[in-house]
Amino acid sequence: MSSKKKDKKSFSKGAGTGKELPVLATAQSFSGQIRPSKTSKWRAAALFALNVLMLLHIAQWLMTGTTLSPIEPSESMFTLSNGAVNAGFIFFALAILATLIFGRFVCGWGCHIVALQDLCAWMLKKVGLKPRPFRSRLLAFVPLLVALYMFVLPTVERYFQKPPEQPLFPAFTNNLITTEYWATFPPIAVAIPFLFICGFLIVYFLGSKGFCTYGCPYGGFFAVADKVAPGRIRVTDACEQCGHCTAVCTSNVIVHKEVKQYGMVVDQRCMKCMDCVSVCPNDALYFGFGKPSLGVAKKEIGKQSLSWTEEIVVALAFAASLYAVWDVYQLVPMLMALGIAAISAFLVYKSVRVFASHDLAFYKYALKSNGKLKTAGWVFLLFSLGWVMLNFHSGVVKYYESKGKAAFEALTIPNELALAESDPSKWISPDDGRRMKSGREALATAARLGLFTNYHSLPKLAWIEYLSGNPEVAVKMLERASGYQTGNERALSLYYRGAILNRLNKPEEALKSLEAALQTSPDLMLAKEEKGEALWRLGRKKEAESAWNEALKDNPRLPIANYMLSGAASARGDFKTAFDFEKKANALTPRNALFNWMVGLRLKNVGMNELAETQFDFAKRLDPTVGIEKQ
C-alpha cells in the first residue's frame, strides 16, 4: 500500500464541516467511527415541542380572538418606544439573562428558526449533501449592527430629539394580552418564502446556522452576552484532538482546536447543543462553570474562507442586496432581507471564484475542472445571474417607490382642504404641483415595473391622482388598494374613497364605501362624519344626524360634526339646539382662514348654505385672499 493511500485511510470525514479530520491511532477508547450523539434527539424533541406550542398559541388566538402577545424578541421595540410591556420583551430579557450565565443555550434549544435550519440541514444530509460553513469575518458583525439599529439607535435618537422635560422611556403599560396577534408579523404570502429563504436556501449556501451567523439580530446581543457567561464547553486532559467534536458541531465551531488553544470553547457561535460533549470518545468535553471568554486574546483558528479583498467584495454585495430588497413593495421584512442579502453575497463571491479558479467544486459537483467550466458551473452561474438580476430589479423598483413616497410626504396641502370640494386645484401651490408630478411619475413607474402590487403605495398614487384632477381614477385605485389591505390601512382607503365619491355627488356609492370602512375600523370618526354627509344627501336625515352624533361620542371636539348637527337642527326648526351646536363648533374651530373656508365648503356640499356663508365671511375677514384661485 502506498503512503498516500495510508494517509487517506487515516482520515474520517467530518459530519459538520465536510472536512477530513485526523484520527489518532493512540486513542484507546475510540473504535474508528464517530459515535452517535445522545443529546441530538433530546434537542430535536425540545425544538419540536417549541413549534407545537407556537401552533397552539396561534390556534388559541384564532379560536378565542385574544391571547398572550407574541413571544418574539422584536416585540421589545414597542416596549422601548412606547412603554408597551409584552411577552416578547419579558422573554428577550430572560433569554439575555440566561445567556449571561449559561451561554447561548436558548438559541440552541429554544429558537424556531434554529429548528428550521437544523431540519433543512438534516434533509440535505439525507440526500448526500453536507452543508459547509461560509466563513466571512466582516459579515459576522452584521447581527450586532442590526441589533444596535433595532434596539439602541431609536433610543439614542429619542435622547437627542425629545424635549428636556420628557422622560427617555415612556411610562410602562401592560400589553401582555392582545387581540391582534398577527399585527406585527408579515402576511402568510411573505412568511412562507421567508421560511424557505432563511431556512433551506441559507443553509444550502452558507451552512448550518447560516442565518444565525449572518442574519439574526437577536444573536448579535446573545453573542455579546455569551462572552461573559461562566458556563462553557470545557475540556479535560483526556482530549486527544480526534476532531469528532468539530465534525458534529452544527454551529460551525472548530471545537477541537479551540479547546486545545484555550481549554474551553470561546467562539460566540457555540449554542451549547452538547453534541460535541456527547460524541467525544474519551468523554473529555463537558459543560462547566469557570472563567468566561471575555478578555481571552483569541487567535485566528483554522483557514479563513476569504481573503480581505474578497471580504470587501462580499460586504459590498451584501449591502447592495440589503438596500435593494429591504421593504421593497413594502412587503419584504428586515429579517428576510438579511437572509437574501447573505445569500447574494455568497453567490457573488462564488461566481467570482468560478472565473478566477482553475478547479472549483460546490458540494459534490465540479463547477470547473482543469480550467474548463462544467455543466454544474453553468447552472450555478445562471442561477447566480438570475438571483442578482432579481435583486437589481428590486432595487430599481424600490428607488422609484422611495422617490414617490418622498414626493407624497412633502405635499403641503391639508387633506381636509383638498377633500372639501371635487376640484382642489385652486389650493395647489406651484411647489406642490412639482411634487405631484414627480411623485406621480415615480409611483406609476414603480407600479409598472413591479412584479407585485404595492398596496401601500396605491393610496399615495390615488391621492396624487385626485389632486391632479382625476378623482374617478383615484376612486378606482383606492378600491383596488382596499382589496389587498387589512385593518386600519383598508379602513382609510375606503374612507378616502367614500369622501371623494361624496364630492362627486355619488352618495350611494360613498355610503357603501364608508360603511365598509366602519366595519373594518368602527372607531374611525372621520368615516362617521362622511357617512352622515352621504345619508343627508340621500334624504335620510335622521340617520345622518345619528351618524354625526356617533362621531361626537368618540370625540366631542369635532367642529364639522357639530356644525352639521347645527345645520340639521336648523333645518327642522329647532333653532335653540342649532344655536347650541353652532356655539360649541365656533369654540372648537381654530382662527384659520383656510380651515374656516374648508368648513364652509363642507356645509355648502350638503345644502346648509346659511351656515356656509357665515364660515366664508369669517374666513375672508381673516384673509381677504382666501378662496381666490391660484395661478
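Residues numbered from 1 in each chain as written. Predicted model: local features only at pLDDT ≥ 70, side-chain atom pairs only at ≥ 80, totals over all residues. Heavy atoms only, no water.

Counting its secondary structure elements, the chain contains 28 helices and eleven strands. Its C-alpha atoms put the chain at 110 × 55 × 45 Å along the principal axes. The buried share of the chain, taken over its 631 residues, is 48%. Relative to all contacts within the chain whose residues are 6 or more apart in sequence, the contacts with residues 24 or more apart total 71%. Within the structure as shown, the chain displays about 31,500 Å² of accessible surface, and the carbon and sulfur contribution to it stands at 62%. In the chain, 73 side chains carry a positive charge and 51 a negative one; their mean positions are 13 Å apart. (Helix = DSSP H or I, 4+ residues; strand = E, 2+ residues; numbered from the N terminus. Buried < 20%, exposed > 50% of the residue type's maximum accessible area, 1.4 Å probe, protein only. Contact = heavy atoms within 4.5 Å. Areas by Shrake-Rupley, 256 points an atom, 1.4 Å probe, with all protein chains shown as cover. Lys, Arg positive; Asp, Glu negative; His and termini not counted. Charge placed at Lys NZ, Arg CZ, Asp CG, Glu CD.)

Quick look at helix 7 (residues 142–161) now. For helix 7, which comprises 20 residues, the first-to-last C-alpha distance of 27 Å matches the rise-based estimate of 28 Å (1.5 Å per residue) to within 8%. At V152, helix 7 shows its largest bend, some 45 degrees, and a proline, P154, comes one to four positions later. (Expected span 1.5 Å × (residues − 1). Bend = angle between axes of the 7 residues up to and from the residue.)

This part is about the pattern of salt bridges. Per the counting criterion, the structure on display carries 24 salt bridges. Measuring nitrogen to oxygen at the nearest pair gives 2.9 Å for the salt bridge that ties E472 to K506. Separated by 34 residues along the polypeptide, E472 in helix 20 (residues 471–484) and K506 in the loop between helix 21 (487–503) and helix 22 (507–520) bring together distant segments of the chain. Linked through salt bridges whose partners overlap, the residues forming this network are R503, E530, E533, R537 and R602. (Salt bridge = Lys/Arg side-chain N within 4 Å of Asp/Glu carboxyl O.)

On the basis of which strands lie adjacent, the open sheet formed by three strands has the order 9-10-11 and antiparallel pairing. Where the open sheet ends on each side, the last strands, each with one partner, are strand 9 (360–362) and strand 11 (372–373). Where strand 10 (residues 365–369) and strand 11 come together, two bridges link them in antiparallel fashion. Following the sheet pairing, K368 is matched in strand 11 by L373. Sitting on the sheet, helix 15 (residues 334–356) touches strand 9, strand 10 and strand 11, and the angle it makes with strand 9 is about 150 degrees. Of the strands in this sheet, strand 9, strand 10 and strand 11 touch helix 16 (residues 375–409), which is tilted by about 100 degrees from strand 10. (Pairing = 2+ DSSP bridges. Axes fitted to C-alpha atoms, helices over the stretch in contact; angles between N-to-C directions.)

With that out of the way, let us pick up the environment of F205. Along the polypeptide, F205 turns up in helix 8 (residues 188–206). In sequence terms F205 and E310 are 105 residues apart; their C-alpha atoms lie 17 Å from each other. Among all residues touching F205, those that are not within four sequence positions of it are R132, F134, I343, F346, L347, F362, F380 and F383.

Relative to the helices and strands, D267 is located in the loop between helix 12 (255–262) and helix 13 (275–279). Judged by relative accessible area, D267 falls into the buried class, the value being 7%. Between the C-alpha atom of D267 and that of S293, which follows or precedes it by 26 residues, the distance is 8.5 Å. Those residues within four positions of D267 in sequence are excluded, and the remaining contacts are D226, V253, E258 and K298. Separated by 2.8 Å, the side chains of D267 and R269 make a polar contact. (Polar contact = N/O pair within 3.5 Å; in protein donor to acceptor, adjacent residues only side chain to side chain.)

Applying the stated criterion across every chain, the model contains 39 aromatic pairs. Summarising the aromatic geometry, the rings of F134 and F346 are spaced 5.2 Å apart at their centres and angled 85 degrees between planes, so their arrangement reads as edge-to-face. Note that F134 is positioned in the loop between helix 6 (112–126) and helix 7 and F346 in helix 15, a separation of 212 residues in sequence. Classification of F134 as buried rests on a relative accessible area of 5%. We classify F346 as buried; its relative accessible area is 4%. Against the face of W308 rests R137, its NZ or CZ located 4.2 Å from the ring centre. In this arrangement the basic side chain of K398 is found over the ring face of Y323, its NZ or CZ atom lying 4.6 Å from the centre. (Phe/Tyr/Trp six-rings, centres within 6.5 Å; stacked < 30°, edge-to-face > 60°. Lys NZ or Arg CZ within 6 Å of the ring centre and 35° of its normal.)

In terms of strand pairing, strand 9 meets strand 10 through three bridges, oriented antiparallel. Paired with F362 across the bridge in strand 10 is Y365. In this structure, the hairpin formed by strand 9 and strand 10 is closed by a connection of two residues, where Y363 is found at a positive phi of approximately 55 degrees. Hairpin remark: strand 10 followed by strand 11, antiparallel, with two residues in the connecting loop; positive phi at N370, about 55 degrees.

Before going further, it helps to spend a moment on the confidence of the model for the chain. Mean pLDDT for the chain: 90, with 94% of residues reaching 70 or above. Across residues 1–31 the pLDDT falls below 50, and counting only partners more than four positions away or on other chains, this stretch makes 50 contacts in the model. (pLDDT = per-residue confidence, 0-100.)

A separate point is helix 22. Over its 14 residues, helix 22 extends 20 Å from the first C-alpha to the last, a length consistent with the 20 Å expected when each residue adds 1.5 Å. Three or more residues of helix 22 are buried, namely P507, A510, L511, S513, L514, A516, A517 and L518. The elements touched by buried residues of helix 22 are helix 21 and helix 23 (525–537).

The next thing to look at is the packing of helix 21 against helix 23. The N-to-C vectors of helix 21 and helix 23 enclose an angle of 30 degrees; their axes lie 10 Å apart at closest approach. By the angle between their directions, the pair helix 21 and helix 23 is classed as roughly parallel. The two elements helix 21 and helix 23 cross, and the hand of that crossing is left-handed. Counted together, Y495, A499, N502 and R503 of helix 21 and L526, A527, E530, E533, A534 and R537 of helix 23 form the full contact between these two elements. (Parallel < 35°, antiparallel > 145°, perpendicular 65-115°, else oblique. Left-handed = near helix turned anticlockwise from the far one by under 90°.)

Moving on, we get to the nonpolar core. The nonpolar side chains of a soluble globular protein tend to be buried with one another. Counting residues in each nonpolar core, the largest one holds 70 residues, and the members touching the most others are F134, F205, F318 and F346. Broken down by element, the residue count for this core peaks at 14 residues, all from helix 15. (Core = buried A, V, L, I, M, F, W, Y, C linked by side-chain atoms within 4.5 Å.)

Our next topic: unusual backbone geometry. For M274, which is not glycine, the phi dihedral falls at a positive 75 degrees. Inspection of the secondary structure assignment puts M274 in the loop between helix 12 and helix 13. On the basis of relative accessible area, M274 is assigned to the buried category, the value being 15%. Positive phi outside glycine occurs at D283, with the angle close to 50 degrees.

All right, on to the side chain of S208 then. The topology assignment puts S208 in the loop between helix 8 and helix 9 (210–214). On the basis of relative accessibility, which here comes to 4%, the residue S208 falls in the buried class.

Axis separation between helix 25 (residues 559–571) and helix 26 (residues 575–588) bottoms out at 8 Å; the angle between their running directions is 160 degrees. Considering the angle they form, helix 25 stands roughly antiparallel to helix 26. Two packed elements cross with a definite hand, and for helix 25 against helix 26 that hand is left-handed. Side by side, helix 25 and helix 26 meet where P559, N562, Y563, L565, S566, A569 and S570 of the first sit next to F575, T577, A578, F581, E582, K584, A585, N586 and L588 of the second. Looking at the contact of helix 25 with helix 26 residue by residue, the classes come out as nine nonpolar, five polar and two charged. (Nonpolar A, V, L, I, M, F, W, Y, C, P; charged D, E, K, R; others polar.)

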